Amino acid sequence: MNRWMLLAALALAIPAPAPASLLPAEMRELAVSGLLDFDTGAGTLVDFDLFFGYFVTDGVEVGLEAAIRDDDVWTFWSAGLRAERNFDLGTEFVPYLGLSLAYGEAESEVSDDTGSAAILGGQVGVKYFLTEYLALSVALVAEAATDDVFPADDGADNTNAKIELGIRCFF
């Protein structure tokens, strides 16, 4: 038996994940996440994100998001759309992939610079369900903008990467 046939047989023997029973169609989600960094080049950074989503089918969610980021130099806000694909593995841990498209504006409190941009973002994360309707989440978030709107140590940048912690309520 060659190596490929053995691998195919093993792949077929692995049970498929259970259907998305934790996150069925028509469920809604309210998520609050963000970070607080006391030691940036521009002072304390506060990053707050809010998301309201609706599951259009089991495990697939679309919704609206809003964000505000502020430090001693830059104030930034954004609003847009986000979609998430959740992978219910039959445990309390539910990995997910997210994709977002938003509009954002930034303003410098030091140099009166302003900017606005379209922002494309991606997320890779996991939700840990404490109860059937409450989960903690952690995600790696990467964003790219058409202009320099994200606070950075030397002013502003058009890319952003962060680890985001959150809490999610389902109803």
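Just above sits the structure.
Rules used throughout
- Residues numbered from 1 in each chain as written.
- Predicted model: local features only at pLDDT ≥ 70, side-chain atom pairs only at ≥ 80, totals over all residues.
- Heavy atoms only, no water.
- Pairing = 2+ DSSP bridges.
- Helix = DSSP H or I, 4+ residues; strand = E, 2+ residues; numbered from the N terminus.
- Axes fitted to C-alpha atoms, helices over the stretch in contact; angles between N-to-C directions.
- Phe/Tyr/Trp six-rings, centres within 6.5 Å; stacked < 30°, edge-to-face > 60°.
- Buried < 20%, exposed > 50% of the residue type's maximum accessible area, 1.4 Å probe, protein only.

Asks: Describe the sheet that holds strand β10 (residues 159–170), with residues and values.
Replies: One closed barrel holds the eight strands; their spatial order is β1-β2-β3-β4-β5-β6-β7-β10, and the pairing between them is antiparallel. The sheet shows a mean angle of 25° between the axes of neighbouring strands, direction not considered. With 15 bridges connecting them, strand β5 (residues 93–108) and strand β6 (residues 114–131) associate as antiparallel partners. Among the inter-strand pairings, serine 100 is bridged to a residue of β6, identified as glycine 121.

Asks: Before we move on, can you summarise the pairing of strand β2 (residues 43–57) with the specific residues and values?
Replies: Summarising the sheet, strand β1 (residues 28–40) and β2 pair through 11 bridges and their orientation is antiparallel. Counted as the bridge partner of serine 33 is aspartate 49 from β2. Count of turn residues in the β1/β2 antiparallel hairpin: two residues. Between β2 and strand β3 (residues 60–70), which pair antiparallel one after the other, the connecting turn spans two residues, and glycine 59 there sits at a positive phi close to 80°.

Asks: Provide a residue-level description of the packing of aromatic side chains, including the pertinent values.
Replies: Evaluated as defined, the whole model comprises five aromatic pairs. Look at phenylalanine 52 and phenylalanine 171: their rings are 6.3 Å apart centre to centre, the planes differ by 35°, and that puts the pair in the tilted class. On the criterion of sequence distance, the pair formed by phenylalanine 52 in strand β2 and phenylalanine 171 in the segment after β10 is long-range, its members being 119 residues apart. On the basis of relative accessible area, phenylalanine 52 is assigned to the partly exposed category, the value being 37%. Phenylalanine 171 gets classed as partly exposed once you look at its relative accessible area, which sits at 43%. When the centroid spacing of 5.4 Å and the interplanar angle of 50° are considered together, the rings of phenylalanine 76 and phenylalanine 150 count as tilted.

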